[in-house]
Amino acid sequence: MLTFIGLGLYDERSITVEGREALAAADRAFAEFYTSRLVGTTVEELETFHGIDIEVRDRAGVEQDPEPILDAAEDEDVAFLTAGDTMISTTHVDLRLRAHERGIETRVIHGVSAQSAASGLTGLQNYRFGKATTLPFPGAHGGGDVPDSVIETVEANRERDLHTLVYLDIKVDDPTADAAGLGENERYMTADYAAELLAENWADALAVVVARAGSPEPVVAADRLSALADREFGGPLHLLVVPAEPHHLEAEALSSLAGAPAELL
């Protein structure tokens, strides 16, 4: 069996009870942390807490060479670990389909996702979120500072009166990474930098920063994009929400929970 387990948002304790029990019962454990990672812990701390060795696979080791994972799952109970909620990434869906093609039974154990945390921490209603988008580092996509796809997604959601969740780029195994990362060759886009990029198109638009969701002290801050660009929000992971016109309860939540200026509500 191949069991996909979402580890939650922050550290080794963020996993569900069901996920922890499944991991304890596994014969082997693999993990990937290039789509996201737990910023409140290390692989070594995960191994100690759960009492199991974890083989971390890079992008190529999951997407191009998944055979060691699948070979193991043919004869043993194997856990595949990801930060957040498993199956959010198409990479994980592809691995599950490959397992099915080989007749390997699969199981999915969900974890808390950044998407649900963004709604819960900001007070913005989950049903009003439209299509999400990812803001890459400039140059990573071969175009300008903000890709047309990001602009089009935000604009389309605004026209439909929907909120936009903007995931911020993560670079793992990046030889150009610097002190902005948590470890060697890691780089994480910060919300102030993302706000600066987006302010080129929507300087006065209301936006909400969510930093370190799932940690004991997450940060939630709402203001104009141009104002958020001048603030610091501490260590990763960060994300941004560009809200639609907030409903009455959402406006109250943004004011009380995120310090949104009254004139923006």
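Residues numbered from 1 in each chain as written. Predicted model: local features only at pLDDT ≥ 70, side-chain atom pairs only at ≥ 80, totals over all residues. Heavy atoms only, no water.

Tell me about the sheet that holds strand β7 (residues 164–168), and please be specific about residues and values.
In sheet architecture, strand pairing relies on hydrogen bonds along the backbone and comes in two forms, parallel and antiparallel. Within the open sheet, the 5 strands sit side by side as β6-β7-β12-β10-β11. Their pairing is mixed. Both outer strands of the open sheet, β6 (133–135) and β11 (219–224), are each paired with one neighbouring strand and no more. This sheet shows a mean twist of 25 degrees between the axes of neighbouring strands, independent of strand direction. Where strand β10 (residues 206–211) meets β11, 6 bridges bridge the pair, whose relative direction is antiparallel. (Pairing = 2+ DSSP bridges. Helix = DSSP H or I, 4+ residues; strand = E, 2+ residues; numbered from the N terminus. Axes fitted to C-alpha atoms, helices over the stretch in contact; angles between N-to-C directions.)

I'd like a rundown of the UniProt feature "binding site: S-adenosyl-L-methionine" (unreviewed entry) in the chain, residues and numbers included.
Here, the residues flagged by UniProt with the feature "binding site: S-adenosyl-L-methionine" (unreviewed entry) are L9, D85, I88, S113, A114, L168, A213 and H238. For the largest pocket, the lining residues drawn from the annotated set are L9, D85, I88, S113, A114, L168, A213 and H238. Mapped onto the secondary structure, D85 falls in the loop between β4 (78–82) and α5 (90–101). Of the residues examined, D85 reaches a relative accessible area of 15% and is grouped as buried. Contacts of D85, omitting those with residues within four sequence positions, involve G6, H110, G111, V112 and S113. (UniProt positions renumbered as here; feature names shortened; annotations may be inferred. 1 Å grid on protein atoms, 1.4 Å probe; cavity = no way out; pocket = protein on both sides within 12 Å on 5 of 7 lines; lining within 4 Å. Buried < 20%, exposed > 50% of the residue type's maximum accessible area, 1.4 Å probe, protein only. Contact = heavy atoms within 4.5 Å.)

How would you sum up the sheet that holds β4? Please name residues and give values.
Strand order across the open sheet formed by 5 strands is β3-β2-β4-β1-β5, with parallel pairing between neighbours. The open sheet has two edge strands, β3 (54–56) and β5 (106–109), and neither has a second partner. Averaged over all adjacent pairs, the angle separating strand axes in this sheet is 25 degrees, with direction ignored. Inspection of the sheet shows strand β2 (residues 28–32) paired to β4 by 5 bridges, in the parallel sense. Across the sheet, the residue bridging to A31 is L81, located in β4. Most of the contacts of helix α1 (residues 17–25) go to β5, to which it runs at about 140 degrees, and overall it touches β1 (2–6), β2, β4 and β5. Of the strands in this sheet, β1, β2 and β4 touch helix α4 (residues 67–75), which is tilted by about 155 degrees from β2.

A description of the pattern of salt bridges should follow, citing residues and the corresponding values.
The final tally for this structure, using the stated rule, is 15 salt bridges. R13 is the partner of D11 in a salt bridge, and the nearest nitrogen-oxygen pair spans 3.0 Å. Using a relative accessible area of 56% as the deciding quantity, one classes R13 as exposed. A salt bridge links E74 to R102; its shortest N-O distance comes to 3.2 Å. (Salt bridge = Lys/Arg side-chain N within 4 Å of Asp/Glu carboxyl O.)

So what's going on with the packing of aromatic side chains? Which residues, and what values?
A full pass over the atoms with the stated rule returns 1 aromatic pair. Pairing F4 with F80 gives two aromatic rings, centres 5.7 Å apart and planes at 65 degrees, and the pair type is edge-to-face. Of the two residues, F4 sits in strand β1 while F80 sits in strand β4, which places them 76 residues apart along the sequence. Residues F4 and F80 agree in their burial class; the two are buried. Above the face of the F137 ring, R187 is positioned so that its terminal group lies 4.1 Å from the ring centre. (Phe/Tyr/Trp six-rings, centres within 6.5 Å; stacked < 30°, edge-to-face > 60°. Lys NZ or Arg CZ within 6 Å of the ring centre and 35° of its normal.)

With reference to specific residues and values, describe the side chain of T41.
Inspection of the secondary structure assignment puts T41 in the loop between β2 and α2 (43–50). Among the residues examined, T41 registers a relative accessible area of 5% and is labelled buried. A polar atom in the side chain of T41 sits 2.7 Å from the side chain of E12. Side chain to side chain, T41 and E45 meet in a polar contact 2.9 Å long. (Polar contact = N/O pair within 3.5 Å; in protein donor to acceptor, adjacent residues only side chain to side chain.)

So, unusual backbone geometry: which residues are in play, and what are the values?
Residues P236 and L237 are joined by a peptide bond in cis, for which omega reads 5 degrees. A positive phi angle is found at M87, which is not glycine, with a value near 80 degrees. For M87, the location among the structural elements is in the loop between β4 and α5. Backbone geometry places D161, a non-glycine residue, at a positive phi of 60 degrees. Mapped onto the secondary structure, D161 falls in the loop between α7 (148–159) and β7. Of the residues examined, D161 reaches a relative accessible area of 35% and is grouped as partly exposed.

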